Amino acid sequence: EIQNLFEILIVRNARLSEPFSGLQDGPAPSGGSDILGKAMNYINENLGRDFRLRDMADALSISENYLYKLFVSKTGKSPAVFIRNLRMETAKQALANQSLPIKMIAAHLGYPDASHFSTVFKRTWGISPRAYRARLTNGLPPDGTA
């Protein structure tokens, strides 16, 4: 059941990133857009495991340098920042489900432990996962504005 929930969240986030969310307005640019689309698919399929830029570049049969430059030029973010943001958006959705332990959410998003996950979450959103969940539970805005 938990695995199914994470698959749903990952698919939902994949849909949010299509067509290449965060790219400049207008039609999808040619040249690297096909490779970027494949990179997005790779990210969504592997979001729950710890992977490196080298792994993604190898899977796409391109150089790390080219993949990095393509990501930055098309999204305005490095691959690492893009992946972290996607994981953090997925985490927010998962934290709304009270039955999922934070430790399990961390593991399903590719973090080695709940402590590291919590640190990244707090650095990203300015609130710990536990506090974020508590605010949701109490009907308060999750961003701490109430």
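Each value, and the rule that gives it
Each residue is numbered by its place in its chain's sequence as written, counting from 1. For a predicted model such as this one, the threshold for reporting local features is a pLDDT of at least 70, and the threshold for listing and counting side-chain atom pairs is 80 or more; totals across whole chains, interfaces and linings nevertheless cover every residue. Hydrogen atoms and water are omitted, and side-chain values are computed over all heavy atoms in the structure. The rule for a salt bridge is simple: a side-chain nitrogen of Lys or Arg has to be within 4 Å of a carboxyl oxygen of Asp or Glu. For the purposes of this entry, the term helix denotes a DSSP run of H or I that reaches at least four residues, the term strand denotes a run of E that reaches at least two, and both are numbered from the N terminus. Note on exposure labels: buried denotes an accessible area under 20% of the residue type's maximum, exposed denotes more than 50%, and partly exposed covers the range between, all computed with a 1.4 Å probe on protein chains only. The pLDDT score gives, residue by residue, the confidence of the prediction method on a 0 to 100 scale. By definition in these notes, contact holds between two residues if any of their heavy atoms fall within 4.5 Å. Geometry of aromatic contacts follows a simple scheme: Phe, Tyr and Trp rings, the Trp one being its six-membered ring, pair when their centres are within 6.5 Å, and the pair is stacked under 30 degrees between planes, edge-to-face over 60, tilted otherwise. Two limits define a charge over a ring: the Lys NZ or Arg CZ must be within 6 Å of the ring centre, and within 35 degrees of the ring normal. By nonpolar core is meant a set of buried Ala, Val, Leu, Ile, Met, Phe, Trp, Tyr and Cys residues that side-chain atoms within 4.5 Å join together.

**Q** Looking at this structure, I do not really get the pattern of salt bridges. What am I missing?
**A** It is possible for side chains of opposite charge to pair when their charged atoms get near one another. Per the stated rule, a full pass over the model turns up four salt bridges. A salt bridge links K38 to D34; the nearest nitrogen and oxygen atoms lie 3.9 Å apart. Within this pair, K38 and its partner D34 are both found in helix α2 (residues 33–46), separated by four residues, close to a single helical turn. Judged by relative accessible area, which is 47%, K38 ranks as partly exposed. In this structure, the salt-bridge partner of R54 is D58, at a minimum N-O distance of 2.2 Å. In this pair, R54 and D58 both sit in helix α3 (residues 53–60), four residues apart, roughly one turn of the helix. A relative accessible area of 43% means that D58 is categorised as partly exposed.

**Q** I would appreciate a short explanation of the confidence of the model for the protein chain in the present structure.
**A** Do not read the predicted coordinates in detail wherever pLDDT is low. A residue-level look at the protein chain finds 75% of positions with pLDDT of 70 or above and a mean pLDDT of 81. Within the protein chain, helix α7 (residues 114–125) carries the highest mean pLDDT (96), whereas helix α1 (residues 2–16) carries the lowest (59). Long-range and interchain partners of residues 17–30, a stretch whose pLDDT sits below 50, account for 18 contacts in this model, where long-range means more than four residues apart.

**Q** For this particular structure, what's the right way to read the packing of aromatic side chains?
**A** Summed over all chains, the structure comprises six aromatic pairs. Ring centres 5.5 Å apart and planes at 65° place the aromatic pair F71 and F82 in the edge-to-face group. Of this pair, F71 sits in helix α4 (residues 64–75) while F82 sits in helix α5 (residues 79–95); the two residues are eleven residues apart in sequence, bridging distant segments of the chain. The class of F71 is buried, set by a relative accessible area of 0%. A connected cluster of aromatic rings, assembled from ring pairs, spans Y111, F117, F121, W125 and Y132. Here the basic side chain of R87 rests over the ring of Y111, its NZ or CZ set 5.8 Å away from the ring centre. One cation-aromatic arrangement involves K92 over W125; the distance from NZ or CZ to the ring centre is 3.8 Å.

**Q** Help me out: how do you make sense of the nonpolar core in this one?
**A** What tends to happen in soluble globular proteins is that the nonpolar side chains get buried as a cluster. Counting residues in each nonpolar core, the largest one holds 32 residues, and the members touching the most others are I43, M56, L67, F71, I105, F117 and F121. Of all the elements in the fold, those that place two or more residues in this core are α2, α3, α4, α5, α6 (102–108) and α7. Sorting elements by how many residues they give to this core places α5 first, with seven residues. Discounting chain neighbours no more than four positions away, the residues touching L67 are A39, L53, M56, A57, L60 and I62.

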